[in-house]
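# Secondary and tertiary structure notes
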Amino acid sequence: MIFHRFFDDKLAQASYLLGCVATGEALVVDANRDVEPYVRAAERDGLRIVAVTETHIHADYLSGSRELAARTGAQLHLSDCGPAEWKYAFAKADHARLLKDGDEIIVGNVRVRALHTPGHTPEHLSFLFTDGAATSEPMGIITGDFIFCGDVGRPDLLEKAVQVKGSAEQGAKVLWKSLDTFRALPDHLSMWPGHGAGSACGKGMSAVPSSTVGYEKRVNWAFQANDEESFVAGVLAGQPEPPAYFATMKRLNRDGPKVLGGLRMPPLLDFAALVEGGEWRVSNGSLSVQHPAPSTLHLKIIIDLRSAADFAAGHIPGSLSIPLNKSFTTWAGSLLPYDRDIHLIFPDRDGAGLHEAVRDLALIGLDRIAGYWTVDAIDWWREQERPLVTVSQISAEELAKASHNVVDVRAASEWELGHLNGATHIPLPELAGRIGELPTDRPLVLQCGSGARSMIAASLLQAHGIAGVVNLSGGYSAWLKAGLPTER
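Residues numbered from 1 in each chain as written. Predicted model: local features only at pLDDT ≥ 70, side-chain atom pairs only at ≥ 80, totals over all residues. Heavy atoms only, no water.

## A closer look at the packing of helix α10 (residues 328-335) against helix α11 (residues 354-363)
Packing of α10 against α11 leaves a shortest axis separation of 9 Å and a crossing angle of 55 degrees. As the angle between them shows, α10 and α11 are arranged oblique. As α10 runs across α11, the sense of the crossing is right-handed. Facing α10, whose interface residues are F328, T329 and A332, α11 presents A357, D360 and L361. Of the residues in the contact of α10 with α11, the class split is four nonpolar, one polar and one charged. (Axes fitted to C-alpha atoms, helices over the stretch in contact; angles between N-to-C directions. Helix = DSSP H or I, 4+ residues; strand = E, 2+ residues; numbered from the N terminus. Parallel < 35°, antiparallel > 145°, perpendicular 65-115°, else oblique. Left-handed = near helix turned anticlockwise from the far one by under 90°. Contact = heavy atoms within 4.5 Å. Nonpolar A, V, L, I, M, F, W, Y, C, P; charged D, E, K, R; others polar.)

## Comments concerning unusual backbone geometry
You will see that H95, though not glycine, has its phi angle at about 55 degrees, which is positive. Along the chain, H95 falls in the loop between β5 (75-79) and β6 (97-99). Here H95 falls in the exposed class, since its relative accessible area comes to 65%. Of note, Q163 is a non-glycine position whose phi angle comes to about 60 degrees, a positive value. Among the structural elements, Q163 can be located in the loop between α3 (157-162) and α4 (167-183). (Buried < 20%, exposed > 50% of the residue type's maximum accessible area, 1.4 Å probe, protein only.)

## Observations regarding the packing of aromatic side chains
Counted under the stated rule, the structure contains 15 aromatic pairs. On the basis of an interplanar angle of 25 degrees and a centroid distance of 5.3 Å, the ring pair of F3 and F129 is categorised as stacked. Of the two residues, F3 sits in strand β1 (residues 2-8) while F129 sits in strand β9 (residues 125-131), which places them 126 residues apart along the sequence. Taken together, a centroid distance of 5.0 Å and an interplanar angle of 80 degrees make the contact between F271 and W373 edge-to-face. (Phe/Tyr/Trp six-rings, centres within 6.5 Å; stacked < 30°, edge-to-face > 60°.)

## Let's talk about the pattern of salt bridges
For the structure shown, the criterion picks out 30 salt bridges. Between D34 and R359 there is a salt bridge; the shortest N-O distance is 2.6 Å. Taken as a pair, D34 in the loop between β3 (25-29) and α1 (36-44) and R359 in helix α11 lie far apart in primary sequence, 325 residues in all. Residues D34 and R359 agree in their burial class; the two are buried. The salt bridge involving R434 is made with E430; its shortest N-O contact spans 2.7 Å. (Salt bridge = Lys/Arg side-chain N within 4 Å of Asp/Glu carboxyl O.)

## Notes on the confidence of the model for the chain
Residue-level pLDDT values for the chain average 92, and 95% of them are 70 or greater. pLDDT under 50 marks residues 283-298. Its contacts with residues more than four places away, or in other chains, come to 46 contacts. (pLDDT = per-residue confidence, 0-100.)

## A word on the layout of surface pockets
In this approach, a probe sized like a water molecule rolls over the atoms, and the result shows the empty space that is left. Space inside the largest pocket adds up to approximately 1,100 Å³. For the largest pocket, the lining is made up of 48 residues, of which E241, P243, T330, W331 and R453 are closest to its centre. Only α10, α14 (412-417) and α15 (452-463) provide two or more residues apiece to the lining of the largest pocket. Residues belonging to the lining of the largest pocket are distributed by class as follows: 25 nonpolar, twelve polar and eleven charged. (1 Å grid on protein atoms, 1.4 Å probe; cavity = no way out; pocket = protein on both sides within 12 Å on 5 of 7 lines; lining within 4 Å. Points joined across faces, edges and corners; volume = space filled by probe spheres on them.)

The structure is reproduced here in structure tokens:
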């Protein structure tokens, strides 16, 4: 048997390829939307991908199962467990084989058996795999978001992300019962989860890529719970707020992600021609486009991928700061609309990072990338003596002596652990919809944990025509380091 693990650092997401050397056939589990790595790995090993499956309807990324099946002609295998509202709506149209508990996928000498392990989601499957050329006993289990290294999948996403009232506690109780399925497995089995540290699908998972069933029974906190009540309380406590785009992912993955036919790179646009031609203009401090009628102006979606420091030093009016770093996918998905064209500004002159940015956006279904510019666009804007917009910084010590309104854009769990006295709390994903709640009687200071999210928040407010916003340099960490007072 051939076994490959693929891992996306920004999503902290794992997928797997299992192949049979004898027949040259392969199965892929939990493919993401960039299917090239799976295709290339199969080609290197002389394999044909004949089967594609996934553990559940994902919330944190757009599934690549349809994409890979369309690319390779593979048979799609999907869960048929759970309630009707969380079954795959596209399964019949795609001629997918529907899997129940105990069903097997046969790939040459490799046997993969589905186990219904609900709790994280109602339809969730885990997959026991056996190298039939060597033994009739299973070698390992792919657990998806059921069991992680050191943690279990959170059962509250349907309630928190999709607003299915009461589903969090019910899901936790179902997850408790599903643990019995895992307890009954042999200790020697290797265990391969769907995520690692950094994913919002759990709260305390390890960065270790794999484990064993026996080790997890011994050290995973979930198996130390003495009863259902203590487990339910433990699994629901302290779960991070899910990113805002999770609800969109659940719906798209259930209904059927669009097949792209491969990633397509957007064109390099002539920024000067757009502005000098009069199609684009500055309106209320933001760069807008005149469309479709002369009397109608629409705010452009322009994402500046440079560092927060470079953005603060000077940026084009109306652009939004989302640096192309490990958090790019999270904030792009949480802040960008799915029904608008997106333009990108890169920090260099050759568009380095274009494939990375387009790929990251495609992984969460943001496909409408209309074009991009390099840093030359910013230089041109400056050379035309058009004012660049800056973001002022304030230190913790300076803020303590000033009379400013502070808006804390951190998550609720962070806020509850401690915050600046008198601060207003509006989490970053909610900021655009709650601009009317911002205090206006004094200068406005935005604050997060380190100063990174608050810089994104500052750019968001500037893009909506709010001038004079200030960023707390170093954020809450700098405030604590300075020994300044907080409250809970």
